[in-house]
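# Architecture and fold: a report
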Amino acid sequence: MTRILAVANQKGGVGKTTTCVNLAASLAATQRRVLLVDMDPQGNATMGCGINKMEVENSTCDVLLGDATAADTIVSAPEGGFAVLPGNEDLTLAEVKLLQEILYDFVLIDCPPSINMLTINALTAADGVLIPMQCEYYALEGLSSLLNTIEQVRDSVNPGLEMYGILRTMFDPRINLSNEVSMQLIEHFDRKVFRTVVPRNIRLAEAPSFGRPVLLHDRSSRGAIAYLALAGEVLRREDARMAKAV
Ligand SMILES: Nc1ncnc2c1ncn2[C@@H]1O[C@H](COP(=O)(O)OP(=O)(O)O)[C@@H](O)[C@H]1O
Ligand SMILES: [Mg+2]
């Protein structure tokens, strides 16, 4: 069964795209079939996977508009071992339409940095929302409006939508405030906070300029290890969920 996770946070620069690309590669490294859907007109995830967003024949936009099938649009990440539904600025034209994609174990949707129709689309199609967060003061403020949006989508069009988890990104344990915010998150959201913490790591920041996930850039880096750990956590959660379902 396909699990669809929207990676969302209306704040820009919190690590959504980095998480999508690297979680996709890490899950693919464990032989899972993964599709990364780039739902951001900036097309950063597409480029970060080594795909030129200007050169793709079709984009996520065409699929959303019904002008192309997903099968005709999906390209494979040259090095990542996963598939990509590429995004570019055409996406600003897209309207509501459900994305239906099967045949993958995981679909990760990289959302734009705002709560707009594209994000609502993603939340409508998703089973869960993975929220990357930097442990800063204002981060918590933004979180409540995202949680409200999730609730609204759940109450209207997608009753199965859950808040899948909060991922602490670009974490620097030397900063007191980061540790404080981190504690508050755990107090409040308990096991919804992933145990994996993604450290600030230069390899993660430079990998996109080579058009590849960090796992293929420097697999012994702290960034690569963190995203492998995150994939492990996601897989264990899924195993637990399946065990509960039978
Ligand atoms: N853990 C990290 N360590 C260092 N740099 C990071 C890390 N995560 C993301 N970055 C960098 O921070 C910037 C914003 O990350 P990005 O994933 O594009 O955020 P978003 O998609 O939420 O806007 C990018 O330049 C990215 O390479
Ligand atoms: Mg992004």
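Provided above is the structure to which this section pertains.
Residues numbered from 1 in each chain as written. Chains lettered and ligands numbered in written order. Predicted model: local features only at pLDDT ≥ 70, side-chain atom pairs only at ≥ 80, totals over all residues.

## Quick look at unusual backbone geometry
For clarity, the threshold we go by: Numbering goes from the N terminus for both helices and strands, where a helix is a DSSP run of H or I of at least four residues and a strand is a run of E of at least two. A residue is called partly exposed when the number of other C-beta atoms within 10 Å of its own lies between 12 and 20, exposed at 12 or fewer, and buried at 20 or more, with C-beta atoms placed from the backbone.
Phi is positive for Gln-31, close to 70°, though the residue is something other than glycine. Mapping Gln-31 onto the fold places it in the loop between α1 (16-29) and β2 (34-38). Using a count of 8 C-beta atoms within 10 Å as the deciding quantity, one classes Gln-31 as exposed. In this structure, Asp-190 is a non-glycine residue whose phi angle is positive, near 50°. A count of 8 C-beta atoms within 10 Å places Asp-190 in the exposed class.

## Brief notes about the pairing of strand β8 (residues 193-199)
As a reminder, the rule being used: Here, strands pair whenever DSSP counts at least two bridges between them. Orient the strands so they point away from the viewer, and a crossover whose first-strand-to-second-strand path over the helix runs clockwise is right-handed.
Here three bridges tie strand β7 (residues 162-171) to β8, and the two strands are oriented parallel to one another. Paired with Phe-171 across the bridge in β8 is Pro-199. Following the backbone out of β7, through helix α7 (residues 176-189) and into the adjacent parallel β8, one traces a crossover that is right-handed.

## Some thoughts on the environment of Leu-204
What counts here: By definition, residue pairs are in contact when their C-beta atoms, positioned from the backbone, come within 7 Å.
Positionally, Leu-204 belongs in helix α8 (residues 202-206). For the pair Leu-204 and Leu-185, spaced 19 residues apart in sequence, the C-alpha to C-alpha distance is 24 Å. Beyond its immediate chain neighbours, meaning those up to four positions away, Leu-204 contacts Thr-18, Val-214 and Gly-223.

## Quick notes on the sheet that holds β2
Rules: Structural elements are reduced to axes, namely lines fitted to C-alpha atoms, with helices fitted over the stretch in contact, and the angle between N-to-C directions of any two is expressed from 0 to 180 degrees.
Taken together, the eight strands give an open sheet; going across it, the order is β3-β4-β2-β5-β1-β6-β7-β8, and neighbouring strands pair in mixed fashion. The strands lining the two open edges of the sheet, one partner per strand, are β3 (75-76) and β8. Together, β1 (3-7), β7 and β8 form the strand contacts of helix α10 (residues 222-245), whose direction differs from that of β8 by roughly 165°.

## Here we look at the environment of Leu-161
Positionally, Leu-161 belongs in the loop between α6 (137-156) and β7. The sequence separation of Leu-161 and Phe-82 amounts to 79 residues, and the corresponding C-alpha distance is 24 Å. Those residues within four positions of Leu-161 in sequence are excluded, and the remaining contacts are Leu-123, Ala-126, Val-129, Ile-150, Val-153 and Arg-154.

## Some details on the nonpolar core
Heads up, the rule is: When buried Ala, Val, Leu, Ile, Met, Phe, Trp, Tyr and Cys residues are joined through C-beta atoms within 7 Å, the set is termed a nonpolar core.
Ala-24, Leu-36, Leu-108 and Ile-109 are the most contacted members of the largest nonpolar core, which totals 71 residues. Looking at this core element by element, the count peaks at eight residues for α1. Discounting chain neighbours no more than four positions away, the residues touching Ala-24 are Val-34, Leu-36, Gly-80, Phe-82 and Leu-108.

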